[in-house]
Amino acid sequence: METLVGKKAPLFKAKAVINGSEIIGDFSLEQYIGKKDVIFFFYPLDFTFVCPTELLAFQEKIEEFEKRNVAVVGCSIDSEFSHWAWLQTELNKGGIKGVKYPIVADLTKTISENFGVLAGEYDYDEDGKAIFNGAPVAYRGLFLIDKQGIVRHSLINDLSLGRNIDDALRIVDALHHFEEHGEVCPANWTEGKDAMKPTQEGVAEYLSSH
């Protein structure tokens, strides 16, 4: 599948759990258009191993995202009921109790497929029976969607590789710096460091002083 970067994020309406306990039936990222940037991330499954560490890490940094006017939304192929049960489970039992941002239920796997993160695909065997090749879950995909609904950044990890939440914040800062100042952000840039003007003179000046 071609990259979504630079394109409109796929639209959907789905069931989700919000505020850690409330199930709603028509969650959509469209509610943020014109209001907030969005970090929309996929994870493989509830009640697994790497996944709770990531969801809890996003919650630990939620104030940092909110300070930047960024909504955090998770998604997996589990049902809303599985999400709800996991959210009620204590951390010492492998749960994610305390997570408050929305978690979307992609039971049909269509959201994962539309975002290009489904870890397999449907096919047919020699007898014409439907089969699934690969893993019927989402890779660890992460998308930064701006206020216009455009995907500005994507990252897709294999199932065993957890993400760095601080780097998601760094990417948000880089986007905001560019939007505010018109300067582009070089390798390893973090908030407070020098950026550069997107010209030959700008890159020459940056490289000569770094």
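This report concerns the structure included in the present document. None of the values given here were measured: they were computed from a predicted structure.

## Looking at helix 3 (residues 80-87)
Along helix 3, the residues that are buried comprise Glu-80, Ser-82, His-83, Trp-86 and Leu-87. One side of helix 3 holds all its buried residues, which, seen down the axis, span an arc of 160 degrees. For helix 3, the elements touching its buried residues are strand 1 (14-18), strand 2 (22-27), helix 1 (50-60), strand 4 (70-76) and strand 5 (103-105).

## A word on unusual backbone geometry
Even without glycine at this site, Asn-69 takes up a positive phi of about 60 degrees. Structurally, Asn-69 is set in the loop between helix 2 (62-67) and strand 4. Assessed through its relative accessible area of 29%, Asn-69 is described here as partly exposed. Phi angles above zero are rare outside glycine, and Lys-109 is one such case at about 70 degrees. Residue class for Lys-109 comes out buried when judged on its relative accessible area of 15%.

## Topic: the packing of aromatic side chains
For the structure shown, the criterion picks out 15 aromatic pairs. Taken together, the aromatic side chains of Phe-41, Tyr-43, Phe-47, Phe-58, Phe-65, Trp-86 and Tyr-101 make up a single cluster linked through ring pairs.

## Looking at the environment of Thr-48
Take Thr-48: it is sitting in the loop between strand 3 (37-42) and helix 1. Judged by its relative accessible area of 22%, Thr-48 falls in the partly exposed class. Within the local environment of Thr-48, its side chain forms a polar contact with the backbone oxygen of Leu-45, the two atoms lying 2.7 Å apart.

## Structural notes on the sheet that holds strand 3
Ordered by their spatial adjacency, 7 strands build an open sheet running 2-1-5-4-3-8-9, and the pairing between neighbours is mixed. The open sheet has two free edges, formed respectively by strand 2 and strand 9 (151-157), since each of these has just one partner strand. Ignoring strand direction, the axes of neighbouring strands in this sheet form an average angle of 25 degrees. Direction of pairing for strand 8 (residues 140-145) relative to strand 9: antiparallel, over a ladder of 6 bridges. In the sheet register, Ile-145 faces strand 9, and the bridge partner there is Val-151.

## Comments concerning the nonpolar core
Across soluble globular proteins, nonpolar side chains show a tendency to be buried alongside one another. In this structure, Ile-39, Phe-58, Phe-65 and Tyr-101 are the most contacted members of the largest nonpolar core, which totals 27 residues. Taken together, the elements giving at least two residues each to this core come down to strand 3, helix 1, helix 2, strand 4, helix 3, strand 8 and helix 5 (165-181). Counting residues per element, this core draws most heavily on helix 5, at 6 residues. Setting aside its immediate chain neighbours within four residues, Phe-65 contacts Ile-39, Phe-58, Val-70, Val-72, Ile-165, Ala-168 and Leu-169. In this structure, Tyr-32, Cys-75, Val-104 and Phe-143 belong to the second largest nonpolar core, which totals 24 residues.

## Digging into the environment of Pro-52
Relative to the helices and strands, Pro-52 resides in helix 1. Looking at Pro-52, the relative accessible area reads 9%, which means it is buried. For the pair Pro-52 and Gly-94, spaced 42 residues apart in the sequence, the C-alpha separation amounts to 7.2 Å. Those residues in contact with Pro-52 that lie beyond four places of it in its chain are Trp-86, Gly-94 and Ile-96.

## Considering the side chain of Asp-173
Note on placement: Asp-173 falls in helix 5. Note on Asp-173: relative accessible area 11%, which makes it buried. A distance of 2.6 Å separates a polar atom in the side chain of Asp-173 from a polar atom in the side chain of Arg-68. In this view, Asp-173 contacts Arg-68, Trp-189 and Glu-191; residues no more than four positions away in its chain are not counted.

## Focus on the pattern of salt bridges
When their charged atoms lie close together, side chains carrying opposite charge are able to pair. Using the criterion set out here, one finds 13 salt bridges in the structure. Put simply, Asp-173 and Arg-68 hold a salt bridge, and the shortest N to O gap is 2.6 Å. Residue Asp-173 is found in helix 5, and its partner Arg-68 is found in the loop between helix 2 and strand 4; the two are separated by 105 residues along the sequence. In this structure, a network of salt bridges that share partners links the residues Glu-64, Lys-67, Arg-68 and Asp-173.

Calculation rules
Residues numbered from 1 in each chain as written. Predicted model: local features only at pLDDT ≥ 70, side-chain atom pairs only at ≥ 80, totals over all residues. Heavy atoms only, no water. Buried < 20%, exposed > 50% of the residue type's maximum accessible area, 1.4 Å probe, protein only. Helix = DSSP H or I, 4+ residues; strand = E, 2+ residues; numbered from the N terminus. Arc of directions from axis to C-beta. Contact = heavy atoms within 4.5 Å. Phe/Tyr/Trp six-rings, centres within 6.5 Å; stacked < 30°, edge-to-face > 60°. Polar contact = N/O pair within 3.5 Å; in protein donor to acceptor, adjacent residues only side chain to side chain. Pairing = 2+ DSSP bridges. Axes fitted to C-alpha atoms, helices over the stretch in contact; angles between N-to-C directions. Core = buried A, V, L, I, M, F, W, Y, C linked by side-chain atoms within 4.5 Å. Salt bridge = Lys/Arg side-chain N within 4 Å of Asp/Glu carboxyl O.

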